[in-house]
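Here is what each chain is made of, one letter per residue.
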Amino acid sequence: MGVRAVRGVRDILPTETPTWQAIEAATRRVFESYGYRELRIPLFERTELFARGIGETTDIVEKEMYTFQDRSGDSITLRPEATASVLRAYIEHGLFTQPKPVRLYTVGPMFRYERPQAGRYRQFHQINVEALGEAASALDAEVLGMLMAFFGALGLGERAVLHVNSIGDAACRPAFRTALAEHLGANLGRLCEECRGRVGRNPLRVLDCKKPECQPVLEKAPSILDALCGACREHFERVRRYLDALGLRYEVTPRLVRGLDYYVRTTFEVLTGDLGAQNALAGGGRYYGLIELLGGPPDPGIGFAIGMERVALLLGAGPDPAAAFVQLIPLGEPGLVRCLRLAQVLRAAGLPVEVAYGARRLRTELERAHRLGVPHVLIVGDDELRAGAATLRDMASGAQDAVPLDAVAPRLEGLYAARADGAAPRAARA
Ligand code: AMP
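From a predicted model like this one, the values you see are computed outputs, not experimental measurements. (Residues numbered from 1 in each chain as written. Predicted model: local features only at pLDDT ≥ 70, side-chain atom pairs only at ≥ 80, totals over all residues. Heavy atoms only, no water.)

### Focus on the packing of aromatic side chains
- Applying the stated criterion across every chain, the model contains 10 aromatic pairs.
- On the basis of an interplanar angle of 75 degrees and a centroid distance of 6.1 Å, the ring pair of Phe-31 and Phe-304 is categorised as edge-to-face. With Phe-31 in helix H1 (residues 17-33) and Phe-304 in strand S11 (residues 300-307), this pair connects stretches of sequence that are 273 residues apart. For the pair shown, Phe-31 and Phe-304 are each scored as buried.
- Their ring planes at 75 degrees and their centres at 5.2 Å tell us that Phe-150 and Phe-151 sit as a pair that is edge-to-face.
- Phe-150 sits in the buried class, given a relative accessible area of 0%.
- By relative accessible area, Phe-151 is classed as buried at 0%.
- The aromatic ring of Tyr-121 is capped on one face by Arg-10, whose charged end is 5.6 Å from the ring centroid. (Phe/Tyr/Trp six-rings, centres within 6.5 Å; stacked < 30°, edge-to-face > 60°. Helix = DSSP H or I, 4+ residues; strand = E, 2+ residues; numbered from the N terminus. Buried < 20%, exposed > 50% of the residue type's maximum accessible area, 1.4 Å probe, protein only. Lys NZ or Arg CZ within 6 Å of the ring centre and 35° of its normal.)

### A few points about empty space enclosed by the protein
- On inspection of all chains with the given rule, the structure shows one cavity of 30 Å³ or more.
- Computed from the structure, the largest cavity encloses a volume of approximately 30 Å³.
- In terms of lining, the largest cavity is formed by Val-9, Arg-10, Ile-12, Gln-123, His-125 and Glu-309.
- Looking at side-chain class alone, the lining of the largest cavity contains two nonpolar, two polar and two charged residues. (1 Å grid on protein atoms, 1.4 Å probe; cavity = no way out; pocket = protein on both sides within 12 Å on 5 of 7 lines; lining within 4 Å. Points joined across faces, edges and corners; volume = space filled by probe spheres on them. Nonpolar A, V, L, I, M, F, W, Y, C, P; charged D, E, K, R; others polar.)

### A short note on the nonpolar core
- Ranked by size, the top nonpolar core spans 93 residues in total, and within it Phe-31, Phe-150, Phe-151 and Ile-306 carry the most contacts.
- The biggest single contributor to this core is helix H5 (residues 137-153), with nine residues.
- Apart from the residues lying within four places of it in its own chain, the contact partners of Ile-306 are Phe-31, His-125, Gln-126, Ile-127, Leu-147, Phe-150, Phe-151, Leu-281, Ala-282 and Val-311.
- Counting residues in each nonpolar core, the second largest holds 20 residues, with Leu-342, Val-353, Ala-390 and Leu-412 among its members. (Core = buried A, V, L, I, M, F, W, Y, C linked by side-chain atoms within 4.5 Å. Contact = heavy atoms within 4.5 Å.)

### Focus: the site of the ligand
- In the vicinity of the ligand lie 14 residues, with Arg-112, Glu-114, Tyr-121, Gln-126 and Ala-280 positioned nearest.
- The separation between an oxygen atom of the ligand and a polar side-chain atom of Arg-112 is 2.9 Å.
- One of the side-chain N or O atoms of Gln-126 is found 3.0 Å from an oxygen atom in the ligand.
- Bound to the protein, the ligand loses 86% of the 480 Å² it would expose on its own.
- Where the shell around the ligand is concerned, the elements lending two or more residues are strand S6 (123-132), strand S10 (280-288) and S11.
- Among the elements that take part in the shell around the ligand, S10 stands out by supplying three residues, more than any other.
- In terms of residue class, the shell around the ligand is built from six nonpolar, three polar and five charged. (Near = heavy atom within 4 Å. Polar contact = N/O pair within 3.5 Å; in protein donor to acceptor, adjacent residues only side chain to side chain. Areas by Shrake-Rupley, 256 points an atom, 1.4 Å probe, with all protein chains shown as cover.)

### Quick notes on the environment of Val-129
- Take Val-129: it is sitting in strand S6.
- Using a relative accessible area of 0% as the deciding quantity, one classes Val-129 as buried.
- Here the alpha-carbon distance between Val-129 and Gly-303, two residues 174 residues apart in the chain, equals 5.1 Å.
- Ignoring any residue separated from it by four or fewer positions in sequence, one finds Val-129 in contact with Phe-31, Tyr-36, Leu-104, Tyr-105, Met-146, Ile-302, Gly-303 and Phe-304.

### Focus on the sheet that holds strand S1 (residues 37-38)
- Read across the open sheet, the eight strands follow the order S1-S5-S6-S11-S10-S9-S7-S8; overall the sheet is mixed. Edge positions in the sheet fall to S1 and strand S8 (251-252), since each has one partner strand and no second.
- Judged from the 10 bridges that link them, strand S5 (residues 102-111) and S6 form a sheet pairing that is antiparallel. In the sheet register, Leu-104 faces S6, and the bridge partner there is Glu-130.
- Where H1 meets the sheet, its contacts fall on S1, S5, S6 and S11, and the angle it forms with S5 comes to roughly 165 degrees.
- Running at roughly 15 degrees to S11, H5 makes contact with S5, S6, strand S7 (161-166), strand S9 (263-271), S10 and S11 of the sheet. (Pairing = 2+ DSSP bridges. Axes fitted to C-alpha atoms, helices over the stretch in contact; angles between N-to-C directions.)

### Notes on the sheet that holds strand S4 (residues 75-78)
- Read across the sheet, three strands follow the order S2-S4-S3 without closing on themselves; strand pairing throughout is antiparallel. The open sheet terminates on both sides in strands that have one partner only, identified here as strand S2 (44-46) and strand S3 (67-69). Looking at each pair of strands side by side, their axes are set apart by 35 degrees on average, direction ignored.
- Pairing geometry for S3 and S4, over three bridges, is antiparallel.

### Concerning the pattern of salt bridges
- What the rule picks out here adds up to 24 salt bridges.
- Note that Arg-88 is salt-bridged to Glu-45, the shortest N-O span being 2.7 Å. Within this pair, whereas Arg-88 is found in helix H4 (residues 83-92), its partner Glu-45 is found in strand S2, the two being separated by 43 residues in sequence. For the pair shown, Arg-88 and Glu-45 are each scored as buried.
- Between Asp-401 and Arg-411 there is a salt bridge, and its shortest N-O distance comes to 3.3 Å. Of the two residues, Asp-401 is situated in strand S16 (residues 400-404) and Arg-411 in helix H17 (residues 408-417); the sequence distance between them amounts to 10 residues.
- It is possible to trace a salt-bridge network through shared partners that takes in Arg-28, Glu-38 and Arg-40. (Salt bridge = Lys/Arg side-chain N within 4 Å of Asp/Glu carboxyl O.)

Structural data, given as structure tokens:
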């Protein structure tokens, strides 16, 4: 074996791409029905953007970024997430002058130097949404409703559970943080090593720890929901009222936090019971101060990221339909010329067509068509040309009939329109 792919980086093979295309089609269909528009951001940015936008003391920035110097000596980083880039673009192109909220989504690969395992990779893909410039709680409900509509559109509504929380704001969180740090400090010896280090720096993140030894301490920890100020409490109550009005099922999970200071109020996650340890399908929250920190106006934002590999794992491979609907088999040079023209006509009509160029024996070509799973084969040899008709074979039944050459295209187009599974061509499947 020659050079292999880098550890934690995988190919998405043709047998898997129908699933990925279905995820992408659902993304566009659902998000655009809510008025979100696609933004395409670069794969790499100045390192400084992520250091500021994600935070110097986060795991991502401290340990996980792919950072290098380019040939002019600038420090460049492959994007580990989308939000910082989306906000940079929002500021750089003056999108903030448009009517608010500005609704954006992105789809594409991210890069993090993490320990690879099932459902966790070093190159992975996210669908990211940001709704910018609007603080109303109804927007939170819109974003959450859209997130769950995405899972519903893929038939995953029952397997994806929405968890929501509020983490307060600058008015109420500091007091909660102090109370939490006191509780954790009093129980320091009963926390895992990582959490002991976090108590001083970022006690909120301890709430997120999944280690069994930390759970008894965390169960007794004060709840952020008891510490919310009036405005945050009101915001959260409204969000829940709107979610109820939408008929959305969700769980209130008071320990769901986002570790960064600029997150405010609504935070959320979508979890599944079907993927083992990597159970998070999506996560997000409302933030304030981040756009300003990156040099823009003091606009609020709310957004989320969905992990596409995990969605693809849940969906599974699905059927693997043949690439072509009809295989044209020319026997001899005049037949080949005729097939080339015919293929052009059929493709223009939207049929996936393959021409067998092998000049192999008919039996070999039929075996090949069978292996490819092509439903129909059209044989065009000298005999057929002389008779002015081609032989059309139904591969499933083996039935053959002679079709006049000028009737071949309409006949195949008719068969394609009426095909039993009614399936659209692969790319549009969703
Ligand atoms: P985050 O940007 O860390 O909030 O992650 C959002 C979502 O992206 C998670 O819920 C996962 O579904 C997915 N995700 C994050 N990191 C990885 C990774 N290394 N490999 C695969 N999916 C990931």
